[in-house]
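Listed below are the residues making up each chain.
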Amino acid sequence: MTALSTDDPGAPEPAGGALRVRLDEPLALESGAMLPGIEIAYRTWGRLNAAADNAVLVCHSLTGSADAAAWWPELLGRGHALDPTHDFIVCSNVLGGCHGTTGPASVIPGSSRVYGPEFPHVTVRDIVHAQARLLDVLGVQRLRLVVGASFGGMQALEWAALYPARIDALALIATSARQSAWAIGLSEAQRQAIRADANWMQGYYGATPPRFGLAAARTIAMLSYRSWHGLETRFGRAQRASGRFEVESYLNYQGGKFAQQFDANSYITLTHAIDSHDIGRGRGGAGAALAAIPQPALVIGIDSDALYLPHEQQEIARRLPRATLAWLYSPHGHDAFLIESKEINALVAGFRRRLVRQRRTPRRLIGAPLRAITAEAGT
């Protein structure tokens, strides 16, 4: 049995006016730990149809929230790729997050203290299992589409592997089949920055957050989210009267703002979850796991992405049996999936229109070739 809640003091406040659901049954994690009393913050747009099969699940990236309309506004709306007049759109804050879903800042059930650094290790698969439980509560039987970028794309891939009978199609944007050594190294550099803060103290419990360390972690991350060309074009060697370079001021501002909004323990928890990502783990390797995913999939790569490089999307598209590979040409690097959201909307909307046409003429699905489509992003 599951109870809805919007006022439980044991979880962080949901972002963007999200609702919250409490799962009464504990969730078994891959680590073997049992996580009781999970709260999940979520938002929905549109209505679930009588067959309960018109849902679309939006999976957010590392620092996102359930409020997809705030960070992906160009994709949601009448006539957009995700249309609430036809779709029942669901987005939830991930397990381990700090925007309303149970995570390190939540109070341990039956106690008066927060988990802090004692929050159990979670994986992308654990996060997807929690999302599936939420959809059960909402009455969703089938998903027309699971869409996500970056960390969200990892979740979407795991949905196809864990719940293949529940989904019709995938949209995988600026993501990978498995976390690379390069990306793991960047994650560890960010975690080390947090741990170097004097307020970390082997793991803080909420009294004095390690905000300087978290700001430094965000600065490192921002460099992997943007591109050489983008920063050079925007800032070059411009300086302020103080002598500080404009790019320094930009990064310091971004780090400081982020440190006021996010929990350092959640950041460490979620970066470890991302590092755990390997679609082929326990499935005979990434190639075999991807080859076993039958759903049609849109794979979007960003030519300037320095975090999940274009060859990683090419690998996914090559291995998936029914993939369409698309390119977003942008100077903005990895974050182009947010900055160039109009172009992302056009690609996803076009993919969904083709799916409708293919359903009307099923023969087109047989031996459908990999097709490349492009979107030229404005600068």
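Check the entry above for the structure.
Values in this document were obtained by computation on a predicted structure and should not be read as measured data. (Residues numbered from 1 in each chain as written. Predicted model: local features only at pLDDT ≥ 70, side-chain atom pairs only at ≥ 80, totals over all residues. Heavy atoms only, no water.)

Caption draft 1: Broad picture of the environment of Leu251. With respect to the secondary-structure elements, Leu251 resides in helix α7 (residues 246-259). For the pair Leu251 and Glu343, spaced 92 residues apart in sequence, the C-alpha to C-alpha distance is 26 Å. In contact with Leu251, not counting residues within four places along its chain, are Thr219, Met222 and Leu223. (Helix = DSSP H or I, 4+ residues; strand = E, 2+ residues; numbered from the N terminus. Contact = heavy atoms within 4.5 Å.)

Caption draft 2: Spatial organisation of the nonpolar core. With 81 residues, the main nonpolar core has Leu95, Leu143, Val146, Trp159, Tyr267 and Leu320 as its most contacted residues. Among the elements that take part in this core, helix α2 (residues 124-138) stands out by supplying seven residues, more than any other. Among all residues touching Leu143, those that are not within four sequence positions of it are Ala55, Val56, Leu57, Leu135, Trp159, Arg166, Ile167 and Asp168. Judged by nonpolar contacts, the second largest core, of 32 residues, contains Leu75, Ile89, Cys91 and Phe337. (Core = buried A, V, L, I, M, F, W, Y, C linked by side-chain atoms within 4.5 Å. Buried < 20%, exposed > 50% of the residue type's maximum accessible area, 1.4 Å probe, protein only.)

Caption draft 3: Main features of the packing of helix α4 (residues 181-195) against helix α5 (residues 211-225). Closest axis-to-axis distance for the α4/α5 pair is 7 Å, and the angle between their directions is 160°. Considering the angle they form, α4 stands roughly antiparallel to α5. Along this stretch, α4 crosses α5, giving a crossing that reads as right-handed. Packed against α4, whose contacting residues are Leu186, Ala189, Gln190, Ala193 and Ile194, the element α5 presents Gly213, Leu214, Ala216, Ala217, Ile220, Ala221 and Ser224 at the interface. Tallied by class, residues from the contact of α4 with α5 come to nine nonpolar, three polar and no charged. (Axes fitted to C-alpha atoms, helices over the stretch in contact; angles between N-to-C directions. Parallel < 35°, antiparallel > 145°, perpendicular 65-115°, else oblique. Left-handed = near helix turned anticlockwise from the far one by under 90°. Nonpolar A, V, L, I, M, F, W, Y, C, P; charged D, E, K, R; others polar.)

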